[in-house]
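Here's the letter readout for the chains.
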Amino acid sequence: KFVFHMLLFPVILLLIGAVIWLIHLRKKYCCRARFTEESIKTRLFTFVTLLAFGLYTGISTRIFRLFKCRKVQDKYFLTSDYSMECYVGEWWNYGGVAVLCMFVYVLGIPLVQFVLLCRNRHHLHEESALDHQSHRLVKKQFGSIYANYTEECYYFDLVDLFRRFILTGGLILVGEDSIVQSLLGILTCTLWLVVVSIKFPYKAYWDNVLSITLSLGLLLSLVCGFGLEMYRSRRLL
C-alpha cells in the first residue's frame, strides 16, 4: 500500500506528460488543431491542482503510518503490519523513501502552491490587478486555489490543507493514547473554528456559514468521543 501510494502521483504525472506529448504531435501534424498552448496549460494546471488536493491527505497519512510503531518485548513493530520490525533491516528501505516523500509531498505541495500564489499575488484579483491580461491567465491557471476566497485570504486553501494534514497524518504520530489524539483534534478544530469565524475567508457568505457549521459539527463529535473515552477509562480504573 505504501509503495502504491508513493508511486501514484508520479505515475499520473507521467501519463499526463504522455498525453501532452500526443497533443503536441497532433497539433504539429494535424492541419486544424482546436486548442492553443494557453488552453493546454490551463487544463494542465487545473488538473494537477485538483490531483494534489485529492491525494495530499491520503499520501500524508500513508507516509506517517510508516513511523507509527509499537514496542513488543523490547522490539518495535509496525502497527499496520506486525510482520515488519521498525528501525532495522528492510524497514529502512521504506523509511528512506518515506523521508524523501515527506519533503516532496507533505512539504513540497503546499510550498509550491504558496510560491505560485506569492509570485502572482499582484495579478490574483481583478480589482487590484496591475495587468488585466496577466490576471486573466493567472485566474485560469490557479483560480481553483484562491478564487473562492477574499482578496486578503487568498492563501486560505493552504491553511485548510495544513488543517487536514494535522487531523489525519499528524494525529497518527501523537501515539497510542486515543485521549491525547482526541484532545489534539479538539484543539485543531477549535482553532480552525475561531479563525473562520473571525476572518470569514470565503467570498460567498453562505460558504462561510457552511464552513462554520461543519467545523462546529466536527468539533462536537470529537468532544463527544473524548467524553466517551474518558468515561471508559474511568470505568477501567
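Residues numbered from 1 in each chain as written. Predicted model: local features only at pLDDT ≥ 70, side-chain atom pairs only at ≥ 80, totals over all residues. Heavy atoms only, no water.

Caption draft 1: The pattern of salt bridges, seen in detail. In total, this model carries one salt bridge according to the counting rule given. A salt bridge links aspartate 160 to arginine 163; the nearest nitrogen and oxygen atoms lie 2.9 Å apart. Residue aspartate 160 and its partner arginine 163 are located together in helix H5 (residues 156–172), separated by three residues, close to a single helical turn. You can call arginine 163 buried: its relative accessible area is 19%. (Salt bridge = Lys/Arg side-chain N within 4 Å of Asp/Glu carboxyl O. Helix = DSSP H or I, 4+ residues; strand = E, 2+ residues; numbered from the N terminus. Buried < 20%, exposed > 50% of the residue type's maximum accessible area, 1.4 Å probe, protein only.)

Caption draft 2: Representation of the environment of glutamate 126 within the structure. In this structure, glutamate 126 sits in the loop between helix H3 (91–119) and helix H4 (132–146). With 25 residues separating them along the chain, glutamate 126 and glutamate 151 place their C-alpha atoms 9.8 Å apart. Dropping the residues within four chain positions of it, glutamate 126 is found in contact with His132 and His135. (Contact = heavy atoms within 4.5 Å.)

Caption draft 3: Just the pairing of strand S1 (residues 69–72), in detail. In this sheet, strand S2 (residues 75–78) lies alongside S1 in antiparallel orientation, the contact comprising four bridges. Bridge pairing links cysteine 69 to leucine 78 in S2. (Pairing = 2+ DSSP bridges.)

So far we have only geometry, and geometry alone does not tell us how the molecule works.
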